[in-house]
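Examining the three-dimensional arrangement
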Amino acid sequence: MRTALELAHAGLPVLPLRAGKVPFGNCPACAGSACGGRPNMLAAGPCHCPRPCHAWAAATTDPTVITSPPWAWAWRQAVAVAYHPAGAGLTVVDLDDRDAIEWARATLPPTRVVATTRGEHWIYRGATRSANHVRPGVDIKSRMAYARWLGPGTGRTVPLPSAVHALLDRERQETTRPGGGVDSSSRPQNTWTRAVATGCRHTEGYVQTGIKRGLAIVRSHTETGAGSSAYSVARFLAKQHRACPGPCGLDALAEDIVTAAVAVGVPEPYARRAVRNGLHAST
């Protein structure tokens, strides 16, 4: 919390990260986006939950929020501090490995650099949209995203270069149809059937409606937040089956959620971890 307060005073909107270096899951009132989401999300909603729900969208510089009882509970369990780059007018070029770093050194202008566990964060002045996998080992984190705070780094922060905008433009072109619509050809169809849920007390229509709505929520996060949504959807769906004698086919539901998250850019290991944590959080 002390680190978070220092960063907030410097103008960085902050949030706590739990084990696994991921945001805290939504509270029951916000699970599965039942609250409609916060006003600053892609689909602006009315939620003003006092808890650190909705990942990056909860990031704040307000010390009264950061030290409030709901957030203090989270800080006591947190393993790291994250910040919302665009909230401070910044963009983070996340380089995951040595090849990505070498590419950046040959392509991007020198700027402030922060060492990470596997690579480096290159920090630029100016906000833009976020996107994963704009090239091998490279993610762009700015709007609707969070980055882990790993220290101030070294070097002088320079303006966001055109090369980063070019990567984002190319990524957008590759993930949209010529007419501008999102390519839905790879969207997964849910695979849950009564055959894999012989001990479920719910009707097939109830389960099918729930998973379809959940997958739609995950797919709606086309820029960022799909991983957190996958966690929330998995947690919400699993919670509905706690009173069932089982089996309820939760493995099939989990695979569908993972596939939906991967389809909108979430790395598969992260998607699987988020869904697994969501399923276990409900028990």
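Per chain, residue numbering runs from 1 following the sequence as it is written. This being a predicted model, a pLDDT of at least 70 is required before a residue's local features are given, and a value of 80 or more before pairs of side-chain atoms are given or counted; all residues contribute to the totals for chains, interfaces and linings. Each side-chain value is derived from all of the structure's non-hydrogen atoms; neither hydrogens nor water enter the calculation.

1. Quick look at the overall build of the protein
Heads up, the condition is: A run of H or I in DSSP becomes a helix once it reaches four residues, and a run of E becomes a strand once it reaches two; helices and strands are each numbered from the N terminus. In this scheme, a residue with accessible area under 20% of its type's maximum is buried, one over 50% is exposed, and one in between is partly exposed, where area comes from a 1.4 Å probe on protein chains only. To measure how exposed things are, a 1.4 Å probe is used in the Shrake-Rupley method; for residues, cover is taken only from the protein chains shown.
In terms of regular secondary structure, the protein is built from 9 helices and 10 strands. Counting over 283 residues, the protein shows a buried share of 49%. Carbon and sulfur atoms make up 53% of the accessible area of the protein, which totals about 13,600 Å².

2. Quick word on the layout of surface pockets
Just so we agree on the cut-off: Points on a 1 Å grid, built from protein atoms alone, make a cavity when a 1.4 Å probe fits but cannot get out and make a pocket when they are open with protein on both sides within 12 Å along at least 5 of 7 lines; residues with an atom within 4 Å of a point are the lining residues. Grid points are joined across faces, edges and corners, and a volume is the space filled by probe spheres set on the points. Residues are grouped as follows: nonpolar covers Ala, Val, Leu, Ile, Met, Phe, Trp, Tyr, Cys and Pro; charged covers Asp, Glu, Lys and Arg; every other residue, Gly included, is treated as polar.
Size it by volume and the largest pocket reaches roughly 980 Å³. Taken together, 40 residues make up the lining of the largest pocket; nearest its centre are Asp94, Asp139, Lys141, Tyr146 and Tyr270. Those elements that provide at least two residues to the lining of the largest pocket are strand 7 (131–135), strand 8 (138–141), strand 9 (147–148), helix 7 (226–239) and helix 9 (268–281). The element that contributes the greatest number of residues to the lining of the largest pocket is strand 8, accounting for 4 residues. Taken together, the residues of the lining of the largest pocket break down into 17 nonpolar, 14 polar and 9 charged.

3. As for the environment of aspartate 139
Rules: Should any heavy atoms of two residues lie within 4.5 Å, those residues are counted as being in contact. Counted as a polar contact is a pair of N or O atoms within 3.5 Å, where, for protein atoms, one must be capable of donating a hydrogen and the other of accepting one, and residues adjacent in sequence contribute only when both atoms are in side chains.
Following the sequence through the fold, aspartate 139 ends up in strand 8. Distance in space between the C-alpha atoms of aspartate 139 and leucine 168 is 9.9 Å, their sequence separation being 29 residues. Once residues within four sequence positions are removed from consideration, aspartate 139 is found in contact with Val92, Val93, Asp94, Asp96, Ala131, Asn132 and His133. Within polar-contact distance, the side chain of aspartate 139 engages the backbone nitrogen of histidine 133 at 2.7 Å.

4. Things to note about the side chain of histidine 241
Looking at the element boundaries, histidine 241 is found in the loop between helix 7 and helix 8 (250–263). Taking the relative accessible area as the measure of exposure, histidine 241 reaches 8% and is therefore buried.

5. A look at helix 6 (residues 204–220)
Basically, it comes down to this: Expected helix span is given by 1.5 Å per residue-to-residue step, counting one fewer step than there are residues.
Taking 1.5 Å of rise per residue, the 17 residues of helix 6 would be expected to cover 24 Å, and the 24 Å separating its terminal C-alpha atoms lies within 8% of that figure. Structurally, the start of helix 6 carries an N-cap: the backbone nitrogen of tyrosine 206 is 3.1 Å from a side-chain oxygen of threonine 203.

6. Observations regarding the packing of aromatic side chains
The line we're drawing: Ring geometry is summarised as follows: Phe, Tyr and Trp rings, the Trp one being its six-membered ring, pair when their centres sit within 6.5 Å, and such pairs are stacked at plane angles under 30 degrees, edge-to-face over 60 and tilted between the two. For a lysine, the NZ atom is tested; for an arginine, the CZ atom; a charge sits over a ring if that atom is within 6 Å of the ring centre and within 35 degrees of the ring normal.
One pass over the structure, following the stated rule, counts 3 aromatic pairs. For the ring pair tyrosine 83 and tryptophan 149, a centre distance of 6.1 Å and an interplane angle of 75° mean the geometry is edge-to-face. With tyrosine 83 in strand 3 (residues 80–83) and tryptophan 149 in the loop between strand 9 and strand 10 (158–159), this pair connects stretches of sequence that are 66 residues apart. A cation over an aromatic ring shows up here: arginine 18 above the ring of tyrosine 231, its NZ or CZ 4.7 Å from the ring centre.

7. Focus: the nonpolar core
We apply this condition: Residues belong to one nonpolar core when they are buried, are Ala, Val, Leu, Ile, Met, Phe, Trp, Tyr or Cys, and are joined through side-chain atoms within 4.5 Å.
Formed by 28 residues in total, the largest nonpolar core has its most connected members in Leu15, Trp56 and Tyr146. Counting residues per element, the ones that place at least two in this core are helix 1 (2–9), strand 1 (14–18), helix 3 (69–77), strand 3 and strand 4 (90–95). For this core, the element with the most residues is strand 3, which contributes 4 residues. In this view, leucine 15 contacts Pro23, Ala55, Trp56, Ala59, Trp71, Trp75, Ala80, Val81, Ala82, Tyr83 and Tyr146; residues no more than four positions away in its chain are not counted. With 24 residues, the next largest nonpolar core counts Leu215, Cys248, Val266 and Val275 among its residues.

8. Thoughts on the packing of helix 7 against helix 8
Let me state the cut-off plainly: Each axis is a line fitted through C-alpha atoms, taken for helices only over the stretch in contact, and angles between the N-to-C directions span 0 to 180 degrees. For classification purposes, angles smaller than 35 degrees are called roughly parallel, those larger than 145 roughly antiparallel, those between 65 and 115 roughly perpendicular, and all remaining angles oblique. The crossing is said to be left-handed when, going from far helix to near helix, the turn is anticlockwise and less than a right angle, and right-handed when the turn is clockwise.
Between helix 7 and helix 8, the least distance of the axes is 10 Å, while the angle of their chain directions is 160°. By the criterion of interaxial angle, the relationship of helix 7 to helix 8 is roughly antiparallel. For the pair helix 7 and helix 8, the sense of crossing is right-handed. Contacts from Ala230, Val233, Ala234, Leu237 and Ala238 of helix 7 reach helix 8 at Leu250, Ile257 and Ala261.

9. Some details on the sheet that holds strand 9
Note the threshold: What makes two strands pair is DSSP finding at least two bridges between them.
Ordered in space as 2-1-3-9, the 4 strands form an open sheet in which the pairing is antiparallel. The strands lining the two open edges of the sheet, one partner per strand, are strand 2 (22–23) and strand 9.

10. Observations concerning the packing of helix 6 against helix 7
Two numbers describe how helix 6 lies on helix 7: the axes approach to 9 Å, and their chain directions differ by 165°. The angle between helix 6 and helix 7 falls in the class roughly antiparallel. Judged by the sense of rotation from one axis to the other, the crossing of helix 6 with helix 7 is right-handed. Contact residues: helix 6 offers Gly210, Ile211, Gly214, Ile217 and Val218, while helix 7 offers Ala226, Ser229, Ala230, Val233 and Leu237. Residues of the contact of helix 6 with helix 7, tallied by class, amount to 7 nonpolar, 3 polar and no charged.

11. Describing unusual backbone geometry
Backbone geometry at lysine 21 places phi at a positive 60°, although glycine is not the residue there. Tracing the backbone through its elements, the reader meets lysine 21 in the loop between strand 1 and strand 2. Positive phi outside glycine occurs at methionine 144, with the angle close to 55°. What makes methionine 144 buried here is its relative accessible area of 12%.

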